[in-house]
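An overview of the molecular structure
Here is what each chain is made of, one letter per residue.
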Amino acid sequence: MTLPIDTLESILKYRFNDSSLLVTALTHRSSLNENKGSVSNERLEFLGDAVLELLISDFLYKVKPDEPEGVLTANRSAIVRTESLSTVAQKLKLGDYLIMSKGEETTGGRTNTSLLANTTESIIGAIYLDGGLLHAQNFIDNHLLDHARNILETDPLKDYKGLLQEAVQKKGLPSPTYREISSVGPDHAKTFTIEVLVNNKPLGTGSGKSKQDAEQAAAQKALNLV
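What comes next is a walk through the structure. Per chain, residue numbering runs from 1 following the sequence as it is written. Where totals are concerned, whole chains, interfaces and linings use all residues; where local detail is concerned, this predicted model gives features only for residues with pLDDT of at least 70, and gives and counts side-chain atom pairs only at 80 or more. Where side-chain values are given, they derive from all heavy atoms of the structure, hydrogens and water being excluded.

In this section: the side chain of Ser 101. Along the polypeptide, Ser 101 turns up in the loop between helix H5 (82–92) and helix H6 (102–106). From its side chain, Ser 101 meets the backbone nitrogen of Glu 104 in a polar contact 3.0 Å long. Ignoring anything within four residues of it in the chain, the contact list for Ser 101 reads Ser 30, Ser 31 and Glu 34. To qualify as a helix, a DSSP run of H or I must reach at least 4 residues; to qualify as a strand, a run of E must reach at least 2; elements of each kind are numbered from the N terminus. Polar contacts, as counted here, are pairs of nitrogen or oxygen atoms within 3.5 Å of one another; within protein the pair requires one atom able to donate a hydrogen and one able to accept it, and residues that are adjacent in sequence qualify only if both atoms are side-chain atoms. Any two residues having at least one pair of non-hydrogen atoms within 4.5 Å are treated as being in contact.

So this is what it looks like as structure tokens:
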């Protein structure tokens, strides 16, 4: 059962001038056949995604003044990825307010990670349309930045390979490939050197006591050049 949206406004710390925008932000496309005349939140999700990327980019630019573009891109990807936005949605209890079909609800729609992340973006889009960029910034300050700082403090770049994969995908490039350059030393204490290539262009070389460690080191260097 969907809860009253005025309660949600208190949780969001934002009162809408046009409450229909909030209703639209909470409307999953599955409900359209059951609620004639309704509009789904997909367009607001599209807008909110862009607003979120802009504001998180601004945040990272200011808090990481010495980091190159590749690292900032990887940090941003870690902050705005589906799992992160779903965590924010759960804290805000957005699932309790979603408007969806009975079938979608029965199959776990209110706790669906991807659906919740999309709703976070649609809420941001709705606030941006209703109150402008400053209020969208306030929402992110209130509900996302603590989470963002936690992500940065736990070193989101630990999985450099995964973040390099996300960075190149965002630029429409093929997936990175890794090739072994050398392995030296006895079998029990080898040092591997691996090179990573994107679109057949070498972007970084790394060394480690295992192939996986060497690949991670190569990916870390490549993030600065993507």
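From this point, the narrative continues.
A separate point is a nonpolar patch on the surface. For patches, a residue must show more than 30% relative accessible area and have no salt bridge; joins then use 9 Å for like charges and 5 Å for nonpolar side chains, namely Val, Leu, Ile, Met, Phe, Trp and Tyr. Under the convention used here, a 1.4 Å probe and the Shrake-Rupley method define accessible areas, while residue burial counts only the protein chains that appear. For this document, the term salt bridge refers to a Lys or Arg side-chain nitrogen within 4 Å of an Asp or Glu carboxyl oxygen. Together, Leu 54, Tyr 128, Leu 129 and Leu 133 line one region of the surface with nonpolar side chains, adding up to about 360 Å² of accessible area. Checked against the element boundaries, Leu 54 lands in helix H3 (residues 42–63).

On to the pairing of strand S2 (residues 191–198), then. Counting buried residues in S2 gives seven out of eight residues, a clear majority hidden from the surface. With seven bridges connecting them, strand S1 (residues 177–184) and S2 associate as antiparallel partners. Bridging from a neighbouring strand, Arg 179 pairs with Glu 195 of S2. Here the rule is simple: two strands pair whenever DSSP picks up at least two bridges between them. Connecting S1 to the antiparallel partner S2 that follows it, the hairpin turn spans six residues, and Gly 185 within it adopts a positive phi of roughly 105 degrees. Two elements, S2 and strand S3 (residues 201–208), share seven bridges in a ladder whose sense is antiparallel. Relative accessibility decides the category of a residue: with a 1.4 Å probe and only protein chains considered, values under 20% of the type maximum give buried, values over 50% give exposed, and everything between is partly exposed.

This part takes up H3. What a helix should span is 1.5 Å times the count of its residues minus one. Its 22 residues place the ends of H3 31 Å apart at the C-alpha level, agreeing with the 32 Å of an ideal helix rising 1.5 Å per residue. Those residues of H3 that fall on the buried side of the exposure criterion are Leu 44, Glu 45, Gly 48, Val 51, Leu 52, Glu 53, Leu 55, Ile 56, Phe 59 and Leu 60.

One pass over the structure, following the stated rule, counts 12 salt bridges. A salt bridge links Asp 146 to Arg 149, with the shortest nitrogen-to-oxygen separation between them at 3.5 Å. One end of the pair, Asp 146, and the other, Arg 149, are both in helix H9 (residues 145–153), three residues apart, so they sit about a helical turn from each other. Judged by relative accessible area, Asp 146 falls into the exposed class, the value being 54%. The closest approach of N and O atoms between Lys 211 and Glu 180, which form a salt bridge, is 3.3 Å. Here the residue Lys 211 occupies a position in helix H11 (residues 211–223), and Glu 180 occupies one in strand S1, the gap between them amounting to 31 residues. On the basis of relative accessible area, Lys 211 is assigned to the partly exposed category, the value being 43%. The exposure class assigned to Glu 180 is partly exposed, which follows from its relative accessible area of 38%.

Let's shift gears to the nonpolar core. Among the nonpolar cores identified, the biggest contains 56 residues, and Leu 12, Ile 123, Phe 139 and Ile 140 are the most heavily contacted of them. If we skip the residues at most four places from it in the chain, Phe 139 touches Leu 12, Leu 92, Ile 123, Ile 124, Ile 127 and Leu 144. Only buried Ala, Val, Leu, Ile, Met, Phe, Trp, Tyr and Cys residues count toward a nonpolar core, and they belong to the same one when joined by side-chain atoms within 4.5 Å.

Quick look at unusual backbone geometry now. In this structure, Asn 199 takes a positive phi of about 60 degrees despite not being glycine. Looking at the element boundaries, Asn 199 is found in the loop between S2 and S3. Positive phi is not limited to glycine here, since Asn 200 has a value of about 70 degrees. Checked against the element boundaries, Asn 200 lands in the loop between S2 and S3. By relative accessible area, Asn 200 is classed as exposed at 72%.

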